Number of protein chains: 2
Amino acid sequence: MDNRPVTERRRTLGALLRLPYEALQREVYGGLAARGFPEIRPAHSAVFRHIGPDGARLTALAERAGMTKQSMAYLVDGLEEAGHLRSAPDPNDGRARIVQLTAKGDRVLEALLDLSAEAEARVADRIGKRRAAKLRRALEEWVEAIGAGTG
Amino acid sequence: MDNRPVTERRRTLGALLRLPYEALQREVYGGLAARGFPEIRPAHSAVFRHIGPDGARLTALAERAGMTKQSMAYLVDGLEEAGHLRSAPDPNDGRARIVQLTAKGDRVLEALLDLSAEAEARVADRIGKRRAAKLRRALEEWVEAIGAGTG
DNA sequence: TCCATTCGTCAGTCTATCTGACGATCACTA
DNA sequence: TAGTGATCGTCAGATAGACTGACGAATGGA
């Protein structure tokens, strides 16, 4: 009798996205740790992805990342404590706080982009340059169709 | 000056996997809730994906899912309480417990696969049948190259 | 000048993972 | 066959990362 779990027969598209995604995360955050930033966890990417060179308000970061300001504050506090961010009161709005990358934070962002590019190059090596390019284009079109922000 | 966050210029492959994955999850688990199973959360898929028609030991489930037995026990307990699983002592091993899907659990698994297939069909509608097929093949090859289990 | 809105924080909750320790049981071997 | 080391599942506790609700301070428009 066939007692294999159903998903061994044909993987769902969800699994086909999840498994590479998790592998990619291990590569990128492992690489970040190897480069001297073991404190950076996947959740922190929400900050690095959305902050921009001139910094941003906490609320703006939260909105761009699609999460509550409380959750974003939790991430920002950790990064600030580790010296990746600095924050200062907004001179134009006494309620607000402008969060910015420090030089150390800049290096993390750079490493993050480097490691992502390297990982993508390794994918191209494994499945072929043409196929990898098609994969990227298909995903870009899908994301476009979803109409997603950067999450 | 250009103050856009870096990731608005070119998305990393990670983001290109994550955004569709999250969209897919919303569709699938939203659909599951609409079909009368609002208690099923994404983490539970680790159980449904790996259990198989004859059931499995807790430890086997944990190992297949790549998590600790304590974590798997947490998921299994929730599903058992909700009537999706039943568990019985293993007649061949006094230490072990065999976990199995109930009829209700079978319906969830069926719905999960249905909804995944529907979501995949919608992707094909949006980005084109050919491109969707290429996307699936590229991802399958990538997963193969990783040598991943089903996670 | 008032009042509704917005900004960030405090407090508490929940989910989903982890580690460490442990009693019960099994399976092998001396 | 008795002893012992490995394995099964559970207990207890910690942590990350998200949430909701409430709130004081500051803003800005009527």
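The coordinates are above.
In this numbering scheme, every chain counts its residues from 1 along its sequence in written order. By the order in which they are written, chains take letters starting at A while ligands take numbers starting at 1. A pLDDT threshold of at least 70 governs which residues receive local features in this predicted model, and a stricter bar of 80 or more applies before side-chain atom pairs are shown or counted, although totals over entire chains, interfaces and linings include all residues. No hydrogens and no water enter the side-chain calculation; it runs on all heavy atoms of the structure.

*Asks:* Before we move on, can you summarise the nonpolar core with the specific residues and values?
*Replies:* Only buried residues count toward a nonpolar core, which is a set of Ala, Val, Leu, Ile, Met, Phe, Trp, Tyr and Cys residues joined through side-chain atoms within 4.5 Å. Burial here depends on accessible area, computed with a 1.4 Å probe over protein chains only, as a share of the maximum for the residue type. Under 20% is buried, over 50% is exposed, and the range in between is partly exposed. Formed by 32 residues in total, the largest nonpolar core has its most connected members in A:Leu139, A:Trp142, B:Leu139 and B:Trp142. Of all the secondary structure elements, the ones that give two or more residues to this core are helix H1 (13–34), helix H5 (103–127) and helix H6 (129–146) of chain A together with helix H1 (13–34), helix H5 (103–127) and helix H6 (129–146) of chain B. Contacts: residue pairs with any heavy atoms within 4.5 Å of one another. In this structure, B:Leu139 is in contact with A:Leu13, A:Leu16, A:Leu17, A:Pro20, A:Leu135 and B:Leu17, ignoring residues within four places of it in sequence. What counts as a helix is a DSSP run of H or I of at least four residues, what counts as a strand is a run of E of at least two, and both are numbered from the N terminus.

*Asks:* Please set out the packing of H1(A) against H5(A) residue by residue, giving values where relevant.
*Replies:* Residues and elements named next belong to chain A. Interaxial angles span 0 to 180 degrees and are taken between N-to-C directions of axes, which are lines fitted to C-alpha atoms, for helices over the stretch in contact. Running from amino to carboxyl end, H1 crosses H5 at an angle of 135 degrees, the nearest separation of the two axes being 9 Å. The orientation of H1 relative to H5 falls into the category oblique. The element H1 and its partner H5 pack so that their crossing is right-handed. Along its contact with H1, which presents Leu-24, Glu-27, Val-28, Tyr-29, Gly-31 and Leu-32, the element H5 presents Val-108, Ala-111, Leu-112, Leu-115, Ser-116, Ala-119, Arg-122 and Arg-126. The nonpolar class holds Ala, Val, Leu, Ile, Met, Phe, Trp, Tyr, Cys and Pro. Asp, Glu, Lys and Arg form the charged class, and all remaining residues, Gly among them, are polar. Its residues assigned to classes, the contact of H1 with H5 shows nine nonpolar, two polar and three charged. Should an angle fall under 35 degrees it is taken as roughly parallel, and over 145 as roughly antiparallel, whereas 65 to 115 is taken as roughly perpendicular and any remaining angle as oblique. What makes a crossing left-handed is the near helix being turned counterclockwise from the far one by less than a right angle; a clockwise turn instead makes it right-handed.

*Asks:* Which residues make up the environment of B:Tyr21, and what values do they have?
*Replies:* Structurally, B:Tyr21 can be placed in helix H1. Leaving out residues up to four positions away in the same chain, B:Tyr21 has contacts with A:Gly14, A:Leu17 and A:Arg18.

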